[in-house]
Amino acid sequence: MKKIQQITPELSLFEYNEIPVLEINHPKVKAKVALQGAHLFSWQPKHTDQDVFWLSEIEPFKLGSAIRGGVPICYPWFGSLGEPFHGTARIRLWEFNQYEITKDKVFLRFDLKSENGQGLDAQMAMELGDTCTLTLTHQGSGQANPALHSYFNIADISQVELHGLPTTVFNHLTHQQESVSSPRLIAENVDEMYSVENAVTTIVDKGYQRQIEVQHINSTEVVVWNPWHKQTSNMTDTGYKTMVCAETARIHTSLNQGQMIQAKISVKSN
């Protein structure tokens, strides 16, 4: 890790192996954003003892390789709707173009320029303080089916409950609709897509004695994922025990130019 630039007293630019990373050190919050993917991979408000986001302990930060953890931006498509898997935005460099610092929070904006150099494909705006608001705006021509692929840091997956999800889910592992419990408990490999009936998912983390609330705004699906024992790149064999994904997505209903999806995240102690 090497410091490249001190932008303000609160904002510093570092190089993590091959990837430039913006570090935020503010009286209310600490955070880290990789310029590859406009990828927030650490957010810790002052009132919390643990980072809210999970990051693989073996993440190599290699240019052109997606970062395992935090909030990868799946854009302009999610999953196998195109090539590469989960789109190109998470492995492209975004431009850091705007910031505003107040006594309570830090505002950041990142732009993804079109590959042909004509205009923008997308913008990501972040408001980081006691809460975290992530707003992805589709600026390109055509339609997009994005997701904010959020990895949340938990003490122990066996002590976690997910509240606010429907009891019917599409299981990507079996390729069929299934009934599941509410609250949702996870004890195996899960790759599930829920229709947004309740726009709030609450992760009750008994190990860390806290609740993480995710508001899914202008979202049509919530994706829940944990690979369990399945071999996954850039993750240790036991990494699944301390993470769960609850993703804000627009998979079956596309975004048109100028439309956005937004995740608002807050955390409180039990």
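Relevant structure appears above.
So, here is what we can say about the structure in this document.

Conventions adopted
- Residues numbered from 1 in each chain as written.
- Predicted model: local features only at pLDDT ≥ 70, side-chain atom pairs only at ≥ 80, totals over all residues.
- Heavy atoms only, no water.
- Pairing = 2+ DSSP bridges.
- Helix = DSSP H or I, 4+ residues; strand = E, 2+ residues; numbered from the N terminus.
- Axes fitted to C-alpha atoms, helices over the stretch in contact; angles between N-to-C directions.
- Buried < 20%, exposed > 50% of the residue type's maximum accessible area, 1.4 Å probe, protein only.
- Salt bridge = Lys/Arg side-chain N within 4 Å of Asp/Glu carboxyl O.
- Phe/Tyr/Trp six-rings, centres within 6.5 Å; stacked < 30°, edge-to-face > 60°.
- 1 Å grid on protein atoms, 1.4 Å probe; cavity = no way out; pocket = protein on both sides within 12 Å on 5 of 7 lines; lining within 4 Å.
- Points joined across faces, edges and corners; volume = space filled by probe spheres on them.
- Nonpolar A, V, L, I, M, F, W, Y, C, P; charged D, E, K, R; others polar.
- Polar contact = N/O pair within 3.5 Å; in protein donor to acceptor, adjacent residues only side chain to side chain.
- Contact = heavy atoms within 4.5 Å.

## Some details on the sheet that holds strand S3 (residues 19-26)
Spatial strand order, S1-S2-S3-S4-S5: five strands in an open sheet with antiparallel pairing. Whereas interior strands pair on both sides, the edge strands pair on one side only; in this sheet they are strand S1 (2-6) and strand S5 (39-45). Strand-to-strand twist in this sheet, taken as the mean axis angle between neighbours without regard to direction, amounts to 20°. Sheet topology places strand S2 (residues 11-16) next to S3; six bridges connect them, and they run antiparallel. Across the sheet, Leu-13 pairs through a bridge with Leu-22, a residue of S3.

## Thoughts on the environment of Ile-67
Among the secondary structure elements, Ile-67 is positioned in the loop between S5 and strand S6 (73-74). You can call Ile-67 buried: its relative accessible area is 3%. Placed 39 residues apart in sequence, Ile-67 and Val-106 show a C-alpha to C-alpha distance of 23 Å.

## What about the pairing of strand S14 (residues 168-171)?
Residues Val-169 and Asn-171 point to one face of S14 and are all buried, whereas Thr-168 and Phe-170, pointing to the other face, are not buried. Where S14 folds back on strand S15 (residues 176-179), the antiparallel hairpin that results is connected by four residues, among which His-175 adopts a positive phi of roughly 60°.

## Some details on the pairing of strand S7 (residues 95-101)
Two elements, S7 and strand S8 (residues 106-113), share six bridges in a ladder whose sense is antiparallel. Residue pairing for S8: Glu-95 is matched across the bridge by Asp-111. The turn joining S7 and S8, which pair antiparallel and follow one another in sequence, is formed by four residues.

## Concerning unusual backbone geometry
In this structure, Pro-76 follows Tyr-75 across a cis peptide bond, with omega equal to 5°. By the secondary structure assignment, Pro-76 is in the loop between S6 and S7. Omega for the peptide link from Glu-83 to Pro-84 comes to 0°, which places this bond in the cis form. Even without being a glycine, Asn-17 presents a positive backbone phi close to 55°. Relative to the elements of secondary structure, Asn-17 occurs in the loop between S2 and S3. Look at Asn-17 and you get partly exposed, because its relative accessible area is 48%. Residue Ala-38 is not a glycine yet carries a positive backbone phi of 45°. Positionally, Ala-38 belongs in the loop between strand S4 (29-34) and S5.

## Topic: the pattern of salt bridges
In the structure shown here, the tally under the stated rule is nine salt bridges. The salt bridge involving Glu-95 is made with Lys-113; its shortest N-O contact spans 3.6 Å. One end of the pair, Glu-95, is in strand S7; the other, Lys-113, is in strand S8, and 18 residues separate them in sequence. Here Glu-95 falls in the partly exposed class, since its relative accessible area comes to 32%.

## Points about the packing of aromatic side chains
On inspection of all chains with the given rule, the structure shows ten aromatic pairs. Within the aromatic cluster, the residues linked to one another by ring pairs are Tyr-16, Phe-41 and Phe-61.

## Structural notes on the layout of surface pockets
In this structure, the largest pocket spans a volume of roughly 670 Å³. Along the wall of the largest pocket there are 28 residues; nearest its centre are Phe-78, Gly-79, Phe-85, His-86 and Asp-191. Of all elements in the fold, only strand S17 (190-195) and strand S20 (221-226) reach the threshold of two or more residues within the lining of the largest pocket. Here the residues of the lining of the largest pocket sort into 13 nonpolar, ten polar and five charged. One number sums up the size of the second largest pocket: a volume of about 170 Å³.

## Comments concerning the sheet that holds strand S9 (residues 120-128)
The nine strands lie next to each other as S7-S8-S9-S10-S22-S19-S18-S13-S16, forming an open sheet whose pairing is antiparallel. Looking at which strands have only one partner, the edges of the open sheet turn out to be S7 and strand S16 (184-185). Examined bridge by bridge, strand S13 (residues 160-163) and S16 share two bridges and lie antiparallel to one another. Bridging from a neighbouring strand, Glu-161 pairs with Leu-185 of S16.

## Observations regarding the side chain of Thr-8
Structurally, Thr-8 can be placed in the loop between S1 and S2. In this structure the side chain of Thr-8 is engaged in a polar contact, spanning 3.0 Å, whose partner is the backbone nitrogen of Leu-11. Discounting chain neighbours no more than four positions away, the residues touching Thr-8 are Tyr-99 and Ile-101.

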